[in-house]
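So you can see what is in the structure, the chains are spelled out below.
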Amino acid sequence: MRHIAVTVNGSRHEADVEPRTLLVYFIRDTLGLTGTNVGCDTSTCGACTVLVDGQSVKSCTMLAVQADGSKLLTVEGLAKNGDLHPIQRAFAKEHALQCGFCTPGLMITAVDFLERNASPSDAEIRHAIEGNLCRCTGYHNIVNAIRAASAEMGQAASAQSKIAAEVKR
């Protein structure tokens, strides 16, 4: 057994884990956060995507011990104080989900992508989500949702910049 400590969605967690335990099972079984889904166990589908220290990672191919000392964000951590994250609002508004199995991984992938590309083209969005499989939607509404979230996140960032400028005066 190995003792690890991680911060998940802002809360610190410590646990003893088998060295071969995959991060996805640690998140689901040890921490009880079942929004991160187990799909293929081969990093093909992306349903298990989480952020590890700000980078999207397919948690079915990462060991929990490799995450020791890291900050993790799962789909459960996107909403803050009861307010949905822009990507969550956009997925609902744009009807970007059907069965919902792939949705957590797609949302986390999109959040990471939009942090690096605030105003992407549809082609860039499609390229960014290539590693996330959806068997229900055909991706059109998912792309629309990511574009809508991008616009909302850009507006929020612009508003925060204006507030910061006013405070400095």
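Draft legend 1. Quick look at the overall build of the protein. If you tally the helices and strands in the protein, you get 5 helices and 5 strands. Ordering the α and β elements of the protein from the N terminus gives β-β-α-β-β-β-α-α-α-α. Radius of gyration (C-alpha) of the protein: 17 Å, near the 15 Å computed for a compact globule of 169 residues. C-alpha atoms of the protein, sized along the principal axes, occupy 50 × 45 × 25 Å. The burial tally for the protein puts 43% of its 169 residues in the buried class. Of all intrachain contacts in the protein linking residues separated by at least 6 positions in sequence, the fraction that spans at least 24 positions is 56%.

Draft legend 2. Spotlight on the sheet that holds strand β2 (residues 11–17). As summarised here, the arrangement of the 5 strands in space is β2-β1-β5-β3-β4, forming an open sheet in which the pairing is mixed. Pairing within the sheet leaves two strands with one partner each, and these edge strands are β2 and β4 (55–58). Between one strand axis and the next, the sheet turns by 40° as a mean value, whatever way the strands run. Pairing of strand β1 (residues 2–8) with β2 involves 7 bridges; the strand directions are antiparallel. Pairing of A5 across the sheet is with E14, part of β2.

Draft legend 3. Structural detail: helix α2 (residues 86–93). Of the residues making up α2, those classed as buried are P86, I87, Q88, A90 and F91. Where α2 terminates, the next one or two residues include H95, which has phi positive at roughly 55°.

Here is what the cut-offs are and how they apply
Residues numbered from 1 in each chain as written. Predicted model: local features only at pLDDT ≥ 70, side-chain atom pairs only at ≥ 80, totals over all residues. Heavy atoms only, no water. Helix = DSSP H or I, 4+ residues; strand = E, 2+ residues; numbered from the N terminus. Rg over C-alpha atoms; globule rule 2.2 N^0.38 Å. Buried < 20%, exposed > 50% of the residue type's maximum accessible area, 1.4 Å probe, protein only. Contact = heavy atoms within 4.5 Å. Pairing = 2+ DSSP bridges. Axes fitted to C-alpha atoms, helices over the stretch in contact; angles between N-to-C directions.

Functional significance is not addressed by these values, which are geometric in nature.
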